[in-house]
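Analysis of the macromolecular model
Chain by chain, the residues:
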Amino acid sequence: MEMEVLIQRRKPIRASFTRIYNGIKFEIDKENPDEEFLRSKLTTLKRLADELRSYDIQILDSRYSSEEQFNSEWESVEEYKEKLDLIQVKVEMFFSRQIAQSVARTAEEIGCHSNGTETLIHALFGGATTKRETHKRYEVSLSSLYGNYSRRLNLLEQLKICGPVTSLQPGPWIEEMKQKGITVSDVGRKDLKIEILIGADVAGALLTGKVHKLENGLVAVESLLGWTVMGRINYYSSKSNVSIYPGKDGNIRVVRVKTASEELVRPIKKIFPLEIPSSMESDEKNETATLEKENIISESQMNNSVPKLSQKFRTIVTRSGRQIKLPSKFIT
């Protein structure tokens, strides 16, 4: 009975898996597949596969009336595993072709041709090393955005250098950079593919020595090719207890607020200004001064009486339209 319940619960997950699988297969057969669609749907497919695996393990561990019934279930489970493996290979092959075409297109656009090869063993983060790999070598000329500097470099071909890198997002630091005369060319753009990576053997010679530390913790470093912004954004500046988190589209949806006792992260739509009586806004400065005078009392008066407020503040209307009535004992 328990096995039948598990099989029923697994059915909608398998239906979703098949639907996503067919969608990826259909998209990848197009002339120009949508890369973002493939990435997102493949991620969803892997999640569904994990959910199926948890049910499959429980079902296969159940008691079967015959060996034939078990074999049938086993073949059904393996079928979905093979589908996942097959579609992952297809997607990886597609992205490999895209990367190869991108490298060839970049080389063609900058007008460079291979002038030899180099064989290297790459040491990776964590101490791992790769097998010997042979890379084509290109000699290219790089120049600054303003054309006031150029240099010829030897670059090695690598189909994929690294994953996409997020560009600088809009925020208060952009205005600060403008005031300091710092300009960058990729603000607010989507994640960018890295097609040329300048190594430490060359990068040091390109630095001019100009460095600006921005208010939010970012550091702008000038090179002969232009400005580069690096570092981690601090949650707070010295002038504010509120930190904003712009999304990739530049819109702010989350803020971090620092209170006297803790730090809170909240959606921006749940952050409201304090309600200020609208009846007092028109002449705020004058009435504030009046209240200060009315509420200044000596220590002896404070011990024997409670400060009274003017009759005109009996009813106060807030920004949201709520009426607040003060207790009569506080009204003269």
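These numbers come from a predicted model, not from an experiment.

Thoughts on the overall build of the protein chain
Helix and strand counts for the protein chain come out as eight helices and 11 strands. Per-residue burial over the protein chain gives 24% buried out of 332 residues. Taking as baseline every contact in the protein chain between residues at least 6 positions apart, the subset at least 24 positions apart corresponds to 43%.

Focus: the pairing of strand β8 (residues 252-258)
Summarising the sheet, β8 and strand β9 (residues 263-267) pair through five bridges and their orientation is antiparallel. What sits directly across from arginine 256, in β9, is valine 265. Hairpin connection of β8 to β9: four residues between the antiparallel strands.

Structural notes on the packing of aromatic side chains
Considering all chains together, one arrives at three aromatic pairs under this definition. Between the NZ or CZ atom of lysine 83 and the centre of the ring of tyrosine 21, over which it lies, the distance is 5.6 Å. Seen from the ring of tyrosine 80, lysine 83 lies directly overhead, with NZ or CZ sitting 5.1 Å from the centre.

Focus: the sheet that holds strand β5 (residues 219-223)
Strand order in the open sheet made by the three strands is β4-β5-β6, with antiparallel pairing throughout. With one partner strand each, in any of the chains shown, β4 (207-213) and β6 (226-230) form the two edges of the open sheet. On average, each strand axis in the sheet is tilted by 25° relative to the strand beside it, whichever way the strands run. Two strands pair when backbone bridges link them, and β4 and β5 are joined in this way by four bridges, in the antiparallel orientation.

Quick word on the sheet that holds strand β2 (residues 133-143)
Read across the open sheet, the three strands follow the order β1-β2-β3; overall the sheet is antiparallel. Because the sheet does not close on itself, it has two edges, and the strands there are β1 (114-120) and β3 (150-156). Across this sheet, the average inter-strand angle for adjacent strands is 30°, counted without regard to direction. Here six bridges tie β1 to β2, and the two strands are oriented antiparallel to one another. For threonine 117, the partnering residue across the bridge sits in β2 and is lysine 136.

Rules and cut-offs
- Residues numbered from 1 in each chain as written.
- Predicted model: local features only at pLDDT ≥ 70, side-chain atom pairs only at ≥ 80, totals over all residues.
- Heavy atoms only, no water.
- Helix = DSSP H or I, 4+ residues; strand = E, 2+ residues; numbered from the N terminus.
- Buried < 20%, exposed > 50% of the residue type's maximum accessible area, 1.4 Å probe, protein only.
- Contact = heavy atoms within 4.5 Å.
- Pairing = 2+ DSSP bridges.
- Phe/Tyr/Trp six-rings, centres within 6.5 Å; stacked < 30°, edge-to-face > 60°.
- Lys NZ or Arg CZ within 6 Å of the ring centre and 35° of its normal.
- Axes fitted to C-alpha atoms, helices over the stretch in contact; angles between N-to-C directions.

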